[in-house]
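Examination of the molecular architecture
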Amino acid sequence: MKKLFFPAIFSMLALHVNAQNDSTTQNLDEIIIQENRIQIPFSKQSRNISVVTKPQLETTPARSLQEVLAFVPGVDVRQRGVTGVQADIGIRGGSFNQTLMLLNGIKLTDPQSGHHMMNIPVPMINIDRVEVLKGPGSRIFGQNAYAGAVNVITKLSDRRSLRVQGYGGDFGMKGINFAGSLPAGGFKQNLAVSYDESNGHWYNSDYQVSNIFYENGIAINEKHSLRGMIAYTDRSFGANGFYTSAFPDQWESIQTTVGALSHTFSQERFKLNTRAYWRKNEDEYRLRRNEPEFYQNFHTSNTYALETNGTYQSKLGTTGFGLEAREEKIESTNLGNHDRTLTGVFLEHLVNLKGGFDVRAGIYSNYYNDYGWKHFPGMEVGFQATEELRFYTGVGKSFRIPTYTDLYYQGPTNVGNPELKPEQAQNFEIGAKWNQSGLFAELVYFNRNTDDLIEWTRPDEETPWQPQNFNEVKFNGIEASFAYRFASTPSTVRVKEFQVSYNYIDASLVNQPGVETRYAFTALKNQIIGGALIGIGQKLEWNTKMRYVERVSQDPYFLLDMRMDYNRMGKIGFFAEASNITNTDYIESGTVQMPHRWFRAGFMLNLE
């Protein structure tokens, strides 16, 4: 694997030719990271954050957001099959339950199970960018941002446009994606629809996925604006190996609906955003696909939330504040009927000091009716040594409450534990980043000490899995990343973008004698990611992506993916993709055997 990986890296470094960037390429210096209160440009952040821009979304050899995130440093994507039908996202060695997914700042927390967190009801064709915050996010976003958070950003356009993308490939795979923008005066609106299906890459792995996403917004006047959203996803799939290998005929069907309405009030120094949102998730699960009477579960969860977030700028700096109230309900044939409520308060302050220093500190306090009050402070300190070089460090506390599956599930291979306590962690990081003329480099060390880690365990193979609270687990790690976006030249063959990163994580969980754990000893250990986007002539692009992944107690594997685009920015374009060109035999999650070499090809239609 290393013999394949490193020569490819060095051959790309040896290309001393430059490239012309897309007209749509976003300058990371100018991107404002979309946190819910204090918003800071990417270049001034004192956190380890990765941003996936729209051109990167378009040129990555991937059919889903989940596959794109697999190329983000420090992010561990564990798919059960192709195109992200169901996938778990971990950050810095955290589990799928310890990552918070957001859509334009709206929390997509699922009280039933973190396995549903990535049911993002937005076709990838409509995503503007993705922001990945690595490290504790509880002070910023609240509970479940335990090891990090992923915020999917969409953008309302003031220009009429229509984009259509269709494709087909191996395993009977085919799909169609549509995204349109139709502004009318000051009223902006987007509509995106997608449909994907496949016969599956192995026994009982077929799927059908539909998404529909609509958003609108209007500026009432200089101070007041409104924004609304409604989105829906329907996905049904064969679930062979998803949760247990004992029943290869598992099947699942999930429908997720998200709706939101927000109002923003802005003055010179004061900004206030108030929004209400609702998320509904319906889940039907069968242990035997064609025999629902053998074992079948129905789960319906509803989350209702109201948030107010504001900022005020004064001579003393920028103050952020917020309130949230949320109710989570579930009706389930297996888990029972339950509900819980949360009230949270956010307060933070950012001050710029003399000598290039800045400090951002705050606290998030919340009250769950099941667990009482919890407080989560945090602080970051930044030092702008030069215009290009920034040093930073931070500390913070994060937490996650058990899901209803953790607490109450009853099945032949899994049993919940109603005595579980929330898990908490103390976090520390220190790093440096260099940002200059298309070059970005970052080096960061992080540490996470976890109290009462929730982990599924069993004493032997004859006993069902059950979650328990471990006393203490420590994670130490480093991340080194380098990216360069080359300047424009008239060369026929030119490198447009180059990226490479390395992550190492040491998880010091001590396994209890006679106890087997399900997730803890599959945490990410070594990760190397590399890629290069090359332009050929004026219309052809060739993107190569490589991953070397090693998890604790699992065999490492190397993957090579490629994509070719012709006339991507024109009215009519074509693309072809190949995944796992190395024909690697590997498993990311459960006992699902991932596919060997596979191909897709399609077209793009862009009209304005």
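The coordinates are above.
All of the points below concern the structure found in this document. In this text, all values refer to a predicted model and were calculated from it rather than measured experimentally.

**Some remarks on a nonpolar patch on the surface**
A surface patch of nonpolar side chains, amounting to about 550 Å² of accessible area, comprises I176, Y195, Y566, I572, F574 and F603. If you trace the backbone, F574 turns up in strand β29 (residues 572-579). Classification of F574 as partly exposed rests on a relative accessible area of 45%.

**Some points on the nonpolar core**
Core analysis: the largest hydrophobic core is formed by 37 residues, its most contacted members being L65, L69, V75, M101, I127, V130 and V132. Excluding residues within four positions of it along the chain, V132 makes contact with N48, I49, S50, L69, V72, V75, I91, A149 and V150. With 14 residues, the next largest nonpolar core counts Y207, I254, F575 and V592 among its residues.

**Brief notes about the environment of A325**
Looking at where A325 falls in the secondary structure, it is placed in strand β16 (residues 317-332). Here the alpha-carbon distance between A325 and L342, two residues 17 residues apart in the chain, equals 5.6 Å. Excluding its chain neighbours within four sequence positions, the residues that come into contact with A325 are Y304, A305, L306 and L342.

**Things to note about the side chain of N151**
Along the chain, N151 falls in strand β7 (residues 148-153). Judged by its relative accessible area of 3%, N151 is buried. Of note is the side chain of N151, whose polar atom sits 3.1 Å from the backbone oxygen of Q34. The residues contacting N151, other than those within four sequence positions of it, are Q34, L102, L103, N104, G105, R129, V130 and E131.

**Structural notes on the packing of aromatic side chains**
The tally for this structure, following the rule as stated, stands at 18 aromatic pairs. Connected via pairs of aromatic rings, a cluster forms that spans F237, F242, Y243 and Y285. Above the ring of Y167, the side-chain terminus of R63 is found at 4.9 Å from the ring centroid. Lying over the aromatic face of Y392, K433 brings its terminal NZ or CZ to 5.0 Å of the ring centre.

**Some thoughts on the sheet that holds strand β6 (residues 129-134)**
The mixed open sheet is built from 5 strands, whose spatial order is β1-β6-β7-β4-β5. Of all strands in the sheet, those bounded by a partner on one side alone are β1 (48-52) and β5 (106-107). The pairing of β1 with β6 spans 5 bridges and is classified as antiparallel. Residue pairing across strands places I49 opposite L133, the latter belonging to β6.

How each quantity is defined
Residues numbered from 1 in each chain as written. Predicted model: local features only at pLDDT ≥ 70, side-chain atom pairs only at ≥ 80, totals over all residues. Heavy atoms only, no water. Patch = residues over 30% accessible without salt bridge, like charges linked within 9 Å, V, L, I, M, F, W, Y side chains within 5 Å. Areas by Shrake-Rupley, 256 points an atom, 1.4 Å probe, with all protein chains shown as cover. Salt bridge = Lys/Arg side-chain N within 4 Å of Asp/Glu carboxyl O. Helix = DSSP H or I, 4+ residues; strand = E, 2+ residues; numbered from the N terminus. Buried < 20%, exposed > 50% of the residue type's maximum accessible area, 1.4 Å probe, protein only. Core = buried A, V, L, I, M, F, W, Y, C linked by side-chain atoms within 4.5 Å. Contact = heavy atoms within 4.5 Å. Polar contact = N/O pair within 3.5 Å; in protein donor to acceptor, adjacent residues only side chain to side chain. Phe/Tyr/Trp six-rings, centres within 6.5 Å; stacked < 30°, edge-to-face > 60°. Lys NZ or Arg CZ within 6 Å of the ring centre and 35° of its normal. Pairing = 2+ DSSP bridges.

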